[in-house]
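Read off the chains here:
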Amino acid sequence: REGLQAARAADYSLGGFGALPRLLLVHGRLAVVRTSFIVHYCVYKSFIICLLQLAFAPSSAFSGASLLDSFSIMAYNVFFTGFPVMVAALEQDLPLPTLSARPELYQDVAHADALAMSPGSVAAWVARALAQASVLFCVPAAVWGGGVPAGGHSASDADQVRHARTRGRT
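Reading the values: the criteria
- Residues numbered from 1 in each chain as written.
- Predicted model: local features only at pLDDT ≥ 70, side-chain atom pairs only at ≥ 80, totals over all residues.
- Heavy atoms only, no water.
- Helix = DSSP H or I, 4+ residues; strand = E, 2+ residues; numbered from the N terminus.
- Buried < 20%, exposed > 50% of the residue type's maximum accessible area, 1.4 Å probe, protein only.
- Contact = heavy atoms within 4.5 Å.
- Areas by Shrake-Rupley, 256 points an atom, 1.4 Å probe, with all protein chains shown as cover.
- Expected span 1.5 Å × (residues − 1).
- Axes fitted to C-alpha atoms, helices over the stretch in contact; angles between N-to-C directions.
- Parallel < 35°, antiparallel > 145°, perpendicular 65-115°, else oblique.
- Left-handed = near helix turned anticlockwise from the far one by under 90°.
- Nonpolar A, V, L, I, M, F, W, Y, C, P; charged D, E, K, R; others polar.
- Core = buried A, V, L, I, M, F, W, Y, C linked by side-chain atoms within 4.5 Å.
- Phe/Tyr/Trp six-rings, centres within 6.5 Å; stacked < 30°, edge-to-face > 60°.
- Lys NZ or Arg CZ within 6 Å of the ring centre and 35° of its normal.

Caption draft 1: How the structure looks around the overall build of the protein chain. Helix and strand counts for the protein chain come out as 7 helices and 0 strands. What you see in the protein chain, going N to C, is helices and strands ordered as α-α-α-α-α-α-α. Counting over 170 residues, the protein chain shows a buried share of 18%. Taking the contacts inside the protein chain whose residues are at least 6 apart along the sequence as the reference set, 80% of them involve residues at least 24 apart. Counting every atom, the protein chain has about 11,900 Å² of accessible surface; 66% of that belongs to carbon and sulfur.

Below you can see the structure in the form of structure tokens.
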């Protein structure tokens, strides 16, 4: 009776030790690979938003204005976190029979620098984020123009002030 209660309360319950190698070598390896990707991707995704905001600061004359409104940031986090996580949950870098037949693959993953949060792997993901953020900021700025004129206010700010003044008179 106590064994049954323990099995119900446990995260994993094995009917016999015959299932243990598959649990560790196949599902354990896949869990390490998937979790590592998700952690690295979340760092990457967050750096893109931060770098875009930092790039926008000089364009807004360091006024503290945000490039994106709160709904856009929320949608970005949902879209670029939700879908990659769902895809990563189904990711298998090697076929399951290969993982079962070659236990040394588990050791390779356990000692891989690309999967750990080593300074080199984090720097590689941050470099990708920097490259993508620079493209995401510079291309639209080059196409539509950007920045703040010498007076410190953009034309749209002046138009909004003028519209608010004229609306108050009527």
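Still more to cover.
Caption draft 2: View of helix α6 (residues 119-144). Between its first and last C-alpha, α6 extends 37 Å over 26 residues, near the 38 Å set by a 1.5 Å rise per residue. Every buried residue belonging to α6 is among S121, W125, A129, A133 and F137, and all of these are buried. Immediately downstream of α6, the backbone of G145 shows phi near 80 degrees, a positive value.

Caption draft 3: Representation of the packing of helix α2 (residues 20-59) against helix α3 (residues 70-89) within the structure. At a minimum axis separation of 10 Å, α2 and α3 run at an interaxial angle of 160 degrees. Comparing their axes, α3 and α2 come out roughly antiparallel. Like other packed secondary-structure pairs, α2 and α3 cross with a definite hand, here right-handed. Facing R34, F37, I38, Y41, K45, I48, I49 and Q53 of α2, the residues of α3 in contact are I73, Y76, N77, F80, T81, P84, V85, A88 and A89. Broken down by class, the residue content of the contact of α2 with α3 amounts to 12 nonpolar, 3 polar and 2 charged.

Caption draft 4: Local environment of the environment of I48. Note on placement: I48 falls in helix α2. The exposure class assigned to I48 is buried, which follows from its relative accessible area of 3%. Along the sequence, I48 and Q132 sit 84 residues apart, while their C-alpha atoms lie 7.2 Å from each other. Other than its neighbours up to four places away in sequence, I48 contacts Y76, A129, Q132, A133 and L136.

Caption draft 5: Representation of the nonpolar core within the structure. With 12 residues, the main nonpolar core is built from Y41, Y44, I48, I49, L51, L52, F56, Y76, W125, A129, A133 and F137. Only α2 and α6 provide two or more residues apiece to this core. For this core, the element with the highest residue contribution is α2, accounting for 7 residues. When near neighbours in sequence (up to four residues on either side) are disregarded, A129 contacts Y44, F47, I48 and L51.

Caption draft 6: Layout of the environment of E104. Here E104 shows up in helix α5 (residues 104-110). On a C-alpha basis, the gap between E104 and L25 in space is 8.9 Å, while along the polypeptide they are 79 residues apart.

Caption draft 7: Examining the packing of aromatic side chains more closely. Within this structure, the stated rule accounts for 7 aromatic pairs. A ring pair is formed by F79 and F80, whose centres lie 4.9 Å apart and whose planes are at 85 degrees; its orientation type is edge-to-face. The class of F80 is partly exposed, set by a relative accessible area of 35%. Measuring from ring centre to ring centre gives 4.9 Å for F79 and F83, while their planes differ by 75 degrees; the resulting arrangement is edge-to-face. Here F83 and F79 lie together in helix α3, a separation of 4 residues that amounts to about one turn. Each residue in the set F37, Y41, Y44 and W125 is aromatic and connected to the rest through ring pairs, giving one cluster. Seen from the ring of W125, R128 lies directly overhead, with NZ or CZ sitting 4.7 Å from the centre.

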